[in-house]
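The residues making up each chain are set out below.
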Amino acid sequence: DAGITQSPRHKVTETGTPVTLRCHQTENHRYMYWYRQDPGHGLRLIHYSYGVKDTDKGEVSDGYSVSRSKTEDFLLTLESATSSQTSVYFCAISDRQGAYNSPLHFGNGTRLTVT
Amino acid sequence: SQQGEEDPQALSIQEGENATMNCSYKTSINNLQWYRQNSGRGLVHLILIRSNEREKHSGRLRVTLDTSKKSSSLLITASRAADTASYFCATDALFNDMRFGAGTRLTVKP
């Protein structure tokens, strides 16, 4: 397995509270991604990063923010969690070069429940 | 929105049989990738096929790509119980991020 660690693995939180999920990689890959997986929707991209302090939005970015202060860490923050953000969150990395996507390597996910 | 759409949503076969899953997409792509996901785990990359390729093999996996029909298929030959998982196709266009389908749930009965 590629060296990707997500923490926590499970979290239950209340509506309105802030939540931060962490992704840590040991592969020194430039690109890092946050996806959410919901039944019937497959994986949807929330945000991604193409370098330290370089991030961009995905298709479902509303309500989420990210930060990348080091190559190895990519944080996903829910500023004020809502029940619609109950999901399984996956971090992925890739050694993408240029315009073409490379295979993604995924962490094992964080199951977040917002009550 | 999803780019790839897998078909069927669920497939149940006996060990030793072949399993075929299909993926259709809407816009022109750079490449198409297939991933496997075991229950409770992250996705694992299986195979990547570029838009100028028509067929690719990896072990018991065979992937075809028909860009004129905007479709791809994943064939798993001589399936095993350990192949039980969900399978996803992912597509991307130049500079675009990969978009995943909702997946095919494959069950291989021993």
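Residues numbered from 1 in each chain as written. Chains lettered and ligands numbered in written order. Predicted model: local features only at pLDDT ≥ 70, side-chain atom pairs only at ≥ 80, totals over all residues. Heavy atoms only, no water.

Q: Which residues make up the overall build of chain B, and what values do they have?
A: Within chain B, the secondary structure is distributed over zero helices and eleven strands. Going from N to C terminus, chain B has its helices and strands arranged as β-β-β-β-β-β-β-β-β-β-β. Taken over the C-alpha atoms alone, chain B extends approximately 40 × 25 × 20 Å along its principal axes. Here chain B, with 110 residues, has 47% of them falling under the buried criterion. For chain B, the share of sequence-separated contacts (at least 6 apart) that also reach a separation of at least 24 residues comes to 54%. Of the roughly 5,200 Å² of accessible surface on chain B, a fraction of 46% belongs to carbon and sulfur atoms. Taken together, the 14 basic and 11 acidic charged side chains of chain B have centroids lying 2 Å from each other. (Helix = DSSP H or I, 4+ residues; strand = E, 2+ residues; numbered from the N terminus. Buried < 20%, exposed > 50% of the residue type's maximum accessible area, 1.4 Å probe, protein only. Contact = heavy atoms within 4.5 Å. Areas by Shrake-Rupley, 256 points an atom, 1.4 Å probe, with all protein chains shown as cover. Lys, Arg positive; Asp, Glu negative; His and termini not counted. Charge placed at Lys NZ, Arg CZ, Asp CG, Glu CD.)

Q: Account for the overall build of chain A, with residues named and values stated.
A: Broken down by element type, chain A carries zero helices and eleven strands. Going from the N terminus to the C terminus, chain A shows its helices and strands as β-β-β-β-β-β-β-β-β-β-β. Compactness check: chain A gives a C-alpha radius of gyration of 13 Å against a globular reference of 13 Å for 115 residues, within 12% of the reference. Buried positions account for 50% of the 115 residues belonging to chain A. For chain A, restricting intrachain contacts to residue pairs at least 6 apart in sequence, the fraction spanning at least 24 positions comes to 55%. Summed over all atoms, the accessible surface of chain A reaches about 5,300 Å², with 46% contributed by carbon and sulfur. If the 12 positive side-chain charges of chain A are averaged to one point and the 12 negative ones to another, these points end up 1 Å apart. (Rg over C-alpha atoms; globule rule 2.2 N^0.38 Å.)

Q: Describe the nonpolar core, listing the residues and the values that go with them.
A: Core analysis: the largest hydrophobic core is formed by 22 residues, its most contacted members being L32, W34, L74, I76, Y87 and L106 of chain B. The residues contacting L74 of chain B, other than those within four sequence positions of it, are A19, T20, M21, W34, L46, L61, R62, V63 and Y87 of chain B. By size, the runner-up hydrophobic cluster in this structure holds 19 residues, among which are I4, C23, F74 and A81 of chain A. (Core = buried A, V, L, I, M, F, W, Y, C linked by side-chain atoms within 4.5 Å.)

Q: Just give me the short version of the sheet that holds strand β8 (residues 73-78) of chain A, but keep the residues and values in it.
A: Residue and element names in this part refer to chain A. Spatial ordering of the open sheet is given by β1-β3-β8-β7, a layout of four strands whose pairing is antiparallel. In this open sheet, the two edge strands, each paired with only one partner strand, are β1 (4-7) and β7 (64-70). Taken over all neighbouring pairs, the strand axes of this sheet differ in orientation by 20 degrees on average, direction set aside. Relative to β8, β7 runs antiparallel, the two sharing five bridges. (Pairing = 2+ DSSP bridges. Axes fitted to C-alpha atoms, helices over the stretch in contact; angles between N-to-C directions.)

Q: Account for the interface of chain B and chain A, with residues named and values stated.
A: Each partner contributes to the interface: chain B provides 24 residues, whereas chain A provides 23 residues. Here chain B meets chain A over a buried area of about 1,900 Å², counting both sides, of which 49% is carbon and sulfur. For chain B, the biggest contributors to the area lost against chain A are L43, D97 and F100 of chain B; these three give 26% of the whole. Taken together, the connections running from chain B to chain A amount to one salt bridge. The closest approach of N and O atoms between R99 of chain B and E59 of chain A, which form a salt bridge, is 3.8 Å. Mapped onto the side of chain B that touches chain A, the elements with two or more residues apiece are β4 (31-37), β5 (43-50), β9 (85-92) and β10 (99-100) of chain B. In terms of residue class, the side of chain B that touches chain A is built from nine nonpolar, eleven polar and four charged. (Buried area = accessible area lost by both parts, 1.4 Å probe. Salt bridge = Lys/Arg side-chain N within 4 Å of Asp/Glu carboxyl O. Nonpolar A, V, L, I, M, F, W, Y, C, P; charged D, E, K, R; others polar.)

Q: Quick one: what's the story with the pattern of salt bridges, residue by residue and with numbers?
A: Residue and element names in this part refer to chain A. All told, the structure shown has eight salt bridges over all chains when counted by the stated rule. Of the charged contacts, one joins D73 and R22 as a salt bridge, the two residues approaching to 3.1 Å between their closest N and O atoms. Residue D73 is located in strand β8, and its partner R22 is located in strand β3 (residues 19-25); the two are separated by 51 residues in the primary sequence. The exposure class of R22 is partly exposed, given its relative accessible area of 34%. Close ionic contact of D73 with K70 constitutes a salt bridge, the shortest N to O distance being 3.4 Å. Under the relative-accessibility criterion, D73 is labelled buried at 8%. Through salt bridges with shared partners, a single network forms among R22, K70 and D73.

Taken by themselves, the reported measurements are silent on function.
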